[in-house]
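# Observations on chain architecture
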Amino acid sequence: MDIIFEYHDVTASESLEAFAREKINKLAEKYQMVIRADVFFKTENTTSDQTGMICNIRLSLPGPRLFAEASHDNFRDSISESINDLERQLRKRKEKMMNH
């Protein structure tokens, strides 16, 4: 499985990539239908201290792509929330596939 990282107004980070890669690989092991993941990191000026570090993850697999976005005060929390959202979506997709 390919994992592509993109940074917008953020300095590239090996530790962030390693953290995201670990989480995504766990998803890919559980759901073998995942072909590719695109991970986007960006910062945004917000009025809240609790948001601003945004992580978008787009998964490519048979059928429509899955997408999740989260904004927190650090990228690790944003990655974790995005992964949790994607796992929920993958679970639903797998259930639909099993019913057919």
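Since the model is a prediction, treat every value here as computed from it, not as a measurement.

Attention now goes to the overall build of the chain. When you go through the chain residue by residue, the secondary structure sums to 2 helices and 4 strands. Written out in order from the N terminus, the α and β elements of the chain read β-α-β-β-β-α. In terms of overall dimensions, the chain is globule-like: its C-alpha atoms have a radius of gyration of 14 Å, near the 13 Å expected for 100 residues. In terms of its C-alpha atoms, the chain occupies a principal-axis envelope of roughly 45 × 25 × 20 Å.

Bringing the nonpolar core into the picture now. By size, the foremost hydrophobic cluster in this structure holds 25 residues, and its most contacted members are Val 39, Phe 41, Leu 59, Ile 79 and Leu 90. Elements represented by at least two residues in this core include exactly β1 (2–8), α1 (14–30), β2 (36–43), β3 (53–60), β4 (66–72) and α2 (75–99). With sequence-adjacent residues up to four places away left out, Phe 41 is seen in contact with Phe 5, Glu 6, Tyr 7, His 8, Val 10, Leu 16, Ile 54, Cys 55, Phe 75 and Ile 79.

Let us now look at the side chain of Ser 82. Checked against the element boundaries, Ser 82 lands in helix α2. Classification of Ser 82 as buried rests on a relative accessible area of 0%. In this structure the side chain of Ser 82 is engaged in a polar contact, spanning 3.5 Å, whose partner is the backbone nitrogen of Ala 70. Excluding its chain neighbours within four sequence positions, the residues that come into contact with Ser 82 are Cys 55, Ile 57, Ala 68, Glu 69 and Ala 70.

Procedures and definitions
- Residues numbered from 1 in each chain as written.
- Predicted model: local features only at pLDDT ≥ 70, side-chain atom pairs only at ≥ 80, totals over all residues.
- Heavy atoms only, no water.
- Helix = DSSP H or I, 4+ residues; strand = E, 2+ residues; numbered from the N terminus.
- Rg over C-alpha atoms; globule rule 2.2 N^0.38 Å.
- Core = buried A, V, L, I, M, F, W, Y, C linked by side-chain atoms within 4.5 Å.
- Buried < 20%, exposed > 50% of the residue type's maximum accessible area, 1.4 Å probe, protein only.
- Contact = heavy atoms within 4.5 Å.
- Polar contact = N/O pair within 3.5 Å; in protein donor to acceptor, adjacent residues only side chain to side chain.

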